[in-house]
Amino acid sequence: MKDVVKTVVVQGSTGGLEDREKNIAHVVENIKKYGADNDLIVFPELVIQGYVREKDLDFEIRYWEAAETLPGPTTDLVAALAKEYDCYVAFGIAEKANTPGLLYNSIALVGPEGFVGSSRKMHLASIEKDYFLLGEESNVYQTKLGKIGLMICYDLFFPETARILALKGAEIIIHIAAAMGGGSRGGVGVSEDKRRFFDTAGICRAIENQVHYVGGDRVGTHYMGPKLGTWSPMGLAKIVNNYGVVLAQAKYGEEDVIFGELTNADLMSGRSVYPLLLDRNPKNYERLTKVDI
């Protein structure tokens, strides 16, 4: 990878579907603000269309209409800015599938060369299953910054997701989320337990795979519908190197922007001292491939 990758994670209080144009403006504004001095800018899950809400036919139709193909209009817009500022940008977006009405929860990666690629969320939580199809194996892309792997929110708690990215050669894993806080704040999980899980899991994925980890979340509130009420994402975006050192962490429940420098020196020295991928013993892992455990 590049000797030093200057990284920014924007933890904003972006809106729902009705705020789509404002959400796009938020992405544009922050690329213009931070792109010239940094290599990589990361925004949260579904930052463009906003998060989904409890099943409602009118909302489903409007959400589908607001979704995009990849590449599409928003990646084209971001690509022009990425070229102008010579940086890479990762952000969450609702992606239209080939079949009308069907969607993926996706992360797009765009750089100076244009649309680089995307991954689709492999593990769906709660009401996401009412809107999105399960994604396939997550992807790794060669860029001027290094090999970048992509995953989304709930994928973090299934170590196989990050391990596949590492085995594909990822040097940096970008993980975006709209993780609701649990308890009265909504979502899967309970309150402080969930906060601790998100505080810990990204560090574990970085260490066990000897990769740099960049995790982005959003904050604010999101109306989930009359039955579920209003939920609140946690925040807690972080930048972690392959040693598990937290280089920067965003506030809990508040807007924030964090900065960190990921280095090739750390990656090379860590992989030399802790050759965890080389020392794997896959022949004894057959149980992991069986669905009838």
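Since the structure is predicted, the reported quantities are computational estimates derived from the model, not experimental observations. (Residues numbered from 1 in each chain as written. Predicted model: local features only at pLDDT ≥ 70, side-chain atom pairs only at ≥ 80, totals over all residues. Heavy atoms only, no water.)

Visitor: Any chance you could break down the sheet that holds strand β7 (residues 146-152) for me, citing the residues and the numbers?
Guide: Sheet architecture is open: 6 strands sit in the order β6-β7-β8-β9-β12-β13, paired in mixed fashion. If you trace the sheet from one side to the other, it starts and ends with β6 (140-143) and β13 (246-249), each paired once. Averaged over all neighbouring strand pairs, the angle between strand axes comes to 15 degrees, with direction disregarded. When strand β12 (residues 238-240) meets β13, the two strands line up antiparallel, connected through 3 bridges. From the neighbouring strand, Lys-238 faces β13, where its bridge partner is Gln-249. The strands that helix α4 (residues 159-167) touches are β6, β7 and β8 (172-176); relative to β7, the one it contacts most, it runs at about 160 degrees. (Pairing = 2+ DSSP bridges. Helix = DSSP H or I, 4+ residues; strand = E, 2+ residues; numbered from the N terminus. Axes fitted to C-alpha atoms, helices over the stretch in contact; angles between N-to-C directions. Contact = heavy atoms within 4.5 Å.)

Visitor: Tell me what's going on with the packing of aromatic side chains, and back it up with residues and numbers.
Guide: Given two aromatic rings, one states the distance between the centres and the angle between the planes to describe the pair. Inspection of the entire model under this criterion finds 10 aromatic pairs. Ring geometry for Tyr-131 versus Phe-132: centroids 6.5 Å apart, planes at 50 degrees, classification tilted. Judged by relative accessible area, which is 5%, Phe-132 ranks as buried. Taken together, a centroid distance of 6.4 Å and an interplanar angle of 85 degrees make the contact between Tyr-243 and Tyr-274 edge-to-face. Of this pair, Tyr-243 sits in the loop between β12 and β13 while Tyr-274 is found in the segment after α6 (264-273), placing the two residues 31 residues apart along the sequence. An aromatic cluster is built from Phe-59, Tyr-63, Tyr-131 and Phe-132, whose rings are joined through pairwise contacts. When the ring centre of Phe-59 is taken as reference, the NZ or CZ atom of Arg-53 above it lies at 5.7 Å. (Phe/Tyr/Trp six-rings, centres within 6.5 Å; stacked < 30°, edge-to-face > 60°. Buried < 20%, exposed > 50% of the residue type's maximum accessible area, 1.4 Å probe, protein only. Lys NZ or Arg CZ within 6 Å of the ring centre and 35° of its normal.)

Visitor: Describe the side chain of Ser-106, listing the residues and the values that go with them.
Guide: Its place among the elements puts Ser-106 in strand β4 (residues 103-111). Exposure remark for Ser-106: the relative accessible area of 0% places this residue in the buried category. A polar side-chain atom of Ser-106 sits 2.6 Å from a polar atom in the side chain of Glu-95. Non-local contacts of Ser-106, meaning those with residues more than four positions away in its chain, are made with Leu-70, Phe-91, Gly-92, Ile-93, Glu-95, Ser-119, Arg-120 and Ile-152. (Polar contact = N/O pair within 3.5 Å; in protein donor to acceptor, adjacent residues only side chain to side chain.)

Visitor: So what about unusual backbone geometry? Which residues, and what values?
Guide: A cis amide bond, omega -5 degrees, links Leu-70 with the succeeding residue Pro-71. Its place among the elements puts Pro-71 in the loop between α2 (57-66) and α3 (73-85). Backbone geometry places Cys-153, a non-glycine residue, at a positive phi of 40 degrees. Here Cys-153 lies in the loop between β7 and α4. Non-glycine residue Leu-236 carries a positive phi angle of around 65 degrees. Relative to the elements of secondary structure, Leu-236 occurs in the loop between β11 (230-231) and β12.

Visitor: Before we move on, could you go through the side chain of Gln-210 and cite the residues and values that matter?
Guide: Counting through the fold element by element, Gln-210 comes out in the loop between α5 (191-209) and β9 (212-216). In contact with Gln-210, not counting residues within four places along its chain, are Asn-242, Leu-267, Gly-270, Arg-271, Tyr-274 and Leu-276.

Visitor: With reference to specific residues and values, describe the nonpolar core.
Guide: Counting 45 residues, the largest nonpolar core has Val-42, Ile-172 and Ile-174 as the members making the most contacts within it. Excluding residues within four positions of it along the chain, Val-42 makes contact with Val-8, Val-9, Val-10, Ala-90, Ile-174, Ile-176 and Val-214. Val-27, Ile-31, Ile-41 and Val-110 belong to the second-largest nonpolar core, a separate cluster that totals 23 residues. (Core = buried A, V, L, I, M, F, W, Y, C linked by side-chain atoms within 4.5 Å.)

Visitor: Hey, could you go over the environment of Lys-33 for me, with residue numbers and the actual values?
Guide: Residue position: Lys-33 is located in helix α1 (residues 20-34). Overall, the relative accessible area of 55% leaves Lys-33 in the exposed class. As for Lys-33 and Gly-229, which are separated by 196 residues in sequence, their C-alpha atoms are 34 Å apart.

Visitor: Account for the sheet that holds β4, naming residues and giving values.
Guide: The strand order across the open sheet formed by 6 strands is β5-β4-β3-β2-β1-β14, and the pairing between neighbours is mixed. Taken across any chain shown, the strands that pair with only one partner, and hence form the sheet edges, are β5 (114-120) and β14 (256-263). If you compare each strand with its neighbour and ignore which way they point, the axes differ by 25 degrees on average. Examined bridge by bridge, strand β1 (residues 4-11) and β14 share 8 bridges and lie antiparallel to one another. Residue Val-8 lies in a different strand from β14, and its bridge partner there is Phe-259. Along the sheet face, α1 touches β1, β2 (40-42), β3 (88-96) and β14 and points at about 145 degrees away from the line of β1. Where α3 meets the sheet, its contacts fall on β3, β4 and β5, and the angle it forms with β4 comes to roughly 20 degrees.

Visitor: Pulling in residues and values, what's your account of α1?
Guide: Along its 15 residues, α1 runs 21 Å from first to last C-alpha, staying within 8% of the 21 Å computed at 1.5 Å per residue. Within the span of α1, buried status applies to Arg-20, Asn-23, Ile-24, His-26, Val-27, Val-28, Asn-30, Ile-31 and Tyr-34. (Expected span 1.5 Å × (residues − 1).)

Keep in mind these numbers describe shape, not what the thing actually does.
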